[in-house]
Amino acid sequence: MQLQRRKSQELYKTAKTLMPGGVNSPARSWKGVGGDPLFMARGKGSHVWDVDGNEYIDYVDSWGPLILGHAHPEVVAAVKQAVDNGMSFGAPTEAENRLAALVVDAYPSMDMVRFVSSGTEAGMSALRLARAFTGRPKIVKFDGGYHGHADALLVAAGSGAATHGTPDSAGVTASFAQDTLVAQYNDLDSVERLFKANKNHIACVIVEPIAGNMGVVPPQPGFLEGLRKLTLDHDALLIFDEVITGFRVAYGGAQEIFGVKPDVTCLGKIIGGGMPVGAYGGRQDIMETVSPLGPMYQAGTLSGNPVAMAAGIKTLELLKRPGIYDQLESKAVKLTGGFQAAFQKAEVPLRINRVGSMMTLFFTQDEVTGWPSVTASDKEGYARFFHRMLEEGVYLAPAAFESMFVSTVHTDADIEATVKATGRALG
Ligand SMILES: *Cc1c(COP(=O)(O)O)cnc(C)c1O
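Residues numbered from 1 in each chain as written. Predicted model: local features only at pLDDT ≥ 70, side-chain atom pairs only at ≥ 80, totals over all residues. Heavy atoms only, no water.

### Examining the pairing of strand β2 (residues 47-50)
Line of reasoning, step 1. The alternating pattern of β2 places His 47 and Trp 49 on one face and Val 48 and Asp 50 on the opposite face, and all of these are buried.
Line of reasoning, step 2. Sheet topology note: the strand β1 (residues 40-44)/β2 ladder contains 4 bridges and is antiparallel. When the bridges of β2 are listed, Lys 44 appears paired with His 47.
Line of reasoning, step 3. Counting the residues in the hairpin turn of β1 and β2 gives 2 residues, including Gly 45, whose phi is positive at 60°.
Line of reasoning, step 4. Two elements, β2 and strand β3 (residues 55-58), share 3 bridges in a ladder whose sense is antiparallel. The partner of Val 48 across the bridge, within β3, is Tyr 56.
Line of reasoning, step 5. Once β2 ends, the chain turns through 4 residues before running back antiparallel as β3, passing Gly 53 with a positive phi of about 90°. (Buried < 20%, exposed > 50% of the residue type's maximum accessible area, 1.4 Å probe, protein only. Helix = DSSP H or I, 4+ residues; strand = E, 2+ residues; numbered from the N terminus. Pairing = 2+ DSSP bridges.)

What follows is the structure, encoded as structure tokens:
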């Protein structure tokens, strides 16, 4: 089958004259897999339709937020009701209390929370908070970790990684990079070395407790516990960026699964139920540093927007129902098993890293435990697979090192169809 893509191609041509690369976020371009991105027209449940009318089973789920699938009727109804009551006030609303209470209840490490409008803002503000609270300049992040596009976080490991990182984007100055130290995920020694070399200068360690932006890479036993101990020993804060994992791997996120309590947590994606919401929160004494209570300034015209809050509240209420995460787990197990069997039959090497309903298919036979092993897997193999799966009616992430997501509305039929498509795509 050759997909009809005329409308997508025409729209993309126009988009490229209007927006850089024709997109408003680079992950939407197909740079990593080649070809022109599809323009989407509609989503319902686990399926999406592009502008040419092709239908796909969707495992991108808007990159994570849509854990209940597209256009969930109860979420849509809540949003419509909120819209009818006025879309923004720039004054407090009860909806903010309600979403804040849901979040604080789910995350015992968070006494208080501040809503923002994106994960990027959450990460950026959490760093400022750590610096304000500790009075220290430097931060530690991990190679291959992503926390949004704030300057201080667009830094990669330099050759002299023991001292400081190097800008990972044009426009990020060396002085930003100087205060960002880069360690290796799942390598506690690399963190310890940084603490030794920068005594009393490190404000915080920011980490995705389950890496999701280099593909899914779970923490090895002892890694998160080790980070907790090192940060405590050195009076630095531990920040868990749970923008993907929050309400995804468990209602209480990765910190619930692994039982490690961070000082500050970043949330996003699912808490907006498809609308733009981010949040950061933590211990009371730390959060009291935030303006207007404390000296750390952070603000937002549309922060805590009532329509976005309504989508988030309904989404979390639905996720709270008993058995949801067990259902997600068994769907994901079924899908993983199907992938494994299909790859084995086709004799194509595969490693699946999975935690709950987030997973990545790495085209390699070796274990994938961190950035070096991620980048050693076969990107081109994934790109070919991506395009063949598309022809088979399955929409995967258009890049090798991303997570795919199972939602509560993926059906057995979806999963069986995906596994069959995989067999054909590899055949
Ligand atoms: C998506 C993501 C972000 C950034 O969130 P945006 O809403 O895209 O700004 C930050 N951290 C992690 C772990 C993410 O997955």
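### Quick word on the packing of aromatic side chains
Line of reasoning, step 1. One pass over the full model with this rule turns up 13 aromatic pairs.
Line of reasoning, step 2. Seen from their ring centres, Tyr 185 and Phe 223 are 5.0 Å apart, and the 65° between their planes marks the pair as edge-to-face. Of this pair, Tyr 185 sits in the loop between β8 (180-183) and α6 (188-197) while Phe 223 is found in helix α7 (residues 223-233), placing the two residues 38 residues apart along the sequence. Here Tyr 185 and Phe 223 have matching classes, each one buried.
Line of reasoning, step 3. Their ring planes at 80° and their centres at 6.4 Å tell us that Trp 371 and Phe 401 sit as a pair that is edge-to-face. With Trp 371 in helix α12 (residues 371-375) and Phe 401 in the loop between β15 (394-395) and β16 (404-405), the pair connects residues that are 30 residues apart, well separated along the chain.
Line of reasoning, step 4. Residue Trp 371 is classed as partly exposed on the basis of its relative accessible area, which comes to 28%.
Line of reasoning, step 5. Every member of this aromatic cluster is reached through a ring pair, and the members are Phe 343, Phe 363, Tyr 382 and Phe 385.
Line of reasoning, step 6. Arg 42 extends its terminal NZ or CZ atom over the ring of Trp 49, reaching a point 4.1 Å from the ring centre. (Phe/Tyr/Trp six-rings, centres within 6.5 Å; stacked < 30°, edge-to-face > 60°. Lys NZ or Arg CZ within 6 Å of the ring centre and 35° of its normal.)

### Points about the sheet that holds strand β14 (residues 358-362)
Remark on secondary structure: sheet strands pair via backbone hydrogen bonds, oriented parallel or antiparallel.
Line of reasoning, step 1. Strand order in the open sheet made by the 3 strands is β13-β14-β16, with antiparallel pairing throughout. Here the strands that pair on one side only, and so sit at the sheet edges, are β13 (351-355) and β16.
Line of reasoning, step 2. Lying on the sheet, helix α11 (residues 324-346) is in contact with β13, β14 and β16; it crosses β13 at an angle near 180°. (Contact = heavy atoms within 4.5 Å. Axes fitted to C-alpha atoms, helices over the stretch in contact; angles between N-to-C directions.)

### Regarding the nonpolar core
Line of reasoning, step 1. Grouped together as the largest cluster of nonpolar side chains are 61 residues, with contacts concentrated most on Phe 142, Leu 227, Phe 339, Phe 385 and Leu 396.
Line of reasoning, step 2. Of the residues forming this core, the biggest block, 6 residues, is contributed by helix α13 (residues 379-391).
Line of reasoning, step 3. Two domains each provide a minimum of three residues to this core, namely domain 1 (6-71 + 323-426) and domain 2 (73-319).
Line of reasoning, step 4. In terms of nonpolar packing, the next biggest core, distinct from the first, is built from 34 residues, Ala 95, Leu 99, Leu 267 and Ala 310 among them. (Core = buried A, V, L, I, M, F, W, Y, C linked by side-chain atoms within 4.5 Å. Domains from an automatic or database assignment.)

### Points about the domain arrangement of the protein chain
One widely used convention gives an interface's size as the accessible area the parts lose upon coming together.
Line of reasoning, step 1. The assigned domain composition of the protein chain is domain 1 (6-71 + 323-426) and domain 2 (73-319).
Line of reasoning, step 2. Look at where the C-alpha atoms of domain 1 and domain 2 centre, and you get two points 25 Å apart.
Line of reasoning, step 3. Between domain 1 and domain 2, the buried area comes to about 2,400 Å², and carbon and sulfur atoms account for 67% of it.
Line of reasoning, step 4. On inspection of domain 1 and its partner domain 2, the count reaches 8 residue pairs in polar contact (both at pLDDT 80 or more). (Buried area = accessible area lost by both parts, 1.4 Å probe. Polar contact = N/O pair within 3.5 Å; in protein donor to acceptor, adjacent residues only side chain to side chain.)

### What about α6?
Line of reasoning, step 1. Ser 190, Val 191, Leu 194 and Phe 195 are the residues of α6 that are buried. Axial view of α6: buried residues confined to an arc of 140°, hence all on one face. In α6, those exposed residues whose orientation departs by more than 90 degrees from the buried face are Arg 193, Lys 196 and Ala 197.
Line of reasoning, step 2. Contacts from the buried residues of α6 go to β5 (138-142), β8, β9 (202-207) and α7.
Line of reasoning, step 3. Backbone nitrogen of Asp 189 and a side-chain oxygen of the N-cap are separated by 3.1 Å at the start of α6; the cap is Asp 187. (Arc of directions from axis to C-beta.)

### Description of the site of the ligand
Line of reasoning, step 1. Every residue lining the ligand is accounted for by Ser 118, Gly 119, Thr 120, Tyr 146, His 147, Gly 148, Glu 208, Asn 213, Asp 241, Val 243, Ile 244 and Lys 269.
Line of reasoning, step 2. One nitrogen or oxygen atom from the side chain of Asp 241 is found 2.7 Å from a nitrogen atom belonging to the ligand.
Line of reasoning, step 3. Taken together, the residues of the shell around the ligand sort by class into 3 nonpolar, 6 polar and 3 charged. (Near = heavy atom within 4 Å. Nonpolar A, V, L, I, M, F, W, Y, C, P; charged D, E, K, R; others polar.)

### Focus: unusual backbone geometry
Line of reasoning, step 1. The amide bond that connects Ser 291 to the next residue, Pro 292, takes the cis arrangement and shows omega of 10°.
Line of reasoning, step 2. Looking at where Pro 292 falls in the secondary structure, it is placed in the loop between α9 (284-287) and α10 (306-319).
Line of reasoning, step 3. A positive phi angle, close to 70°, is found at Trp 63, a residue other than glycine.
Line of reasoning, step 4. Secondary-structure assignment places Trp 63 in the loop between β3 and α2 (73-84).

### Points about helix α14 (residues 412-426)
Spacing of three or four residues puts side chains on the same side of an α-helix, whose turn is 3.6 residues.
Line of reasoning, step 1. Along its 15 residues, α14 runs 21 Å from first to last C-alpha, staying within 8% of the 21 Å computed at 1.5 Å per residue.
Line of reasoning, step 2. Looking only at α14, the buried set comprises Asp 414, Ile 415, Thr 418, Ala 421, Thr 422, Ala 425 and Leu 426. Buried residues of α14, viewed axially, fall in a sector of 125°; they line one side. In α14, the exposed positions angled more than 90 degrees off the buried face are occupied by Ala 413 and Lys 420.
Line of reasoning, step 3. As for α14, its buried residues are in contact with β2, β3, α11, α13 and β15. (Expected span 1.5 Å × (residues − 1).)

### Thoughts on the state of the cysteines
Line of reasoning, step 1. Inspection of the entire model under this criterion finds 0 disulfides.
Line of reasoning, step 2. As a non-bridged cysteine, Cys 204 has Cys 266 as the owner of its nearest cysteine sulfur, 9.4 Å distant. (Disulfide = S-S within 2.5 Å.)

### Notes on the packing of α2 against α10
In a pair of packed helices, the angle between the axes and the distance between the axes together describe the arrangement.
Line of reasoning, step 1. Where α2 contacts α10, the two axes come as close as 8 Å, and the packing angle between them is 155°. Regarding the angle of α2 to α10, the classification is roughly antiparallel. Classified by chirality, the crossing of α10 by α2 is right-handed. Within the contact between the two elements, α2 uses Glu 74, Val 75, Ala 78, Val 79, Ala 82 and Val 83 and α10 uses Pro 306, Val 307, Ala 310, Ala 311, Lys 314, Thr 315 and Leu 318.
Line of reasoning, step 2. Class assignment of the residues belonging to the contact of α2 with α10 gives a composition of 10 nonpolar, 1 polar and 2 charged. (Parallel < 35°, antiparallel > 145°, perpendicular 65-115°, else oblique. Left-handed = near helix turned anticlockwise from the far one by under 90°.)

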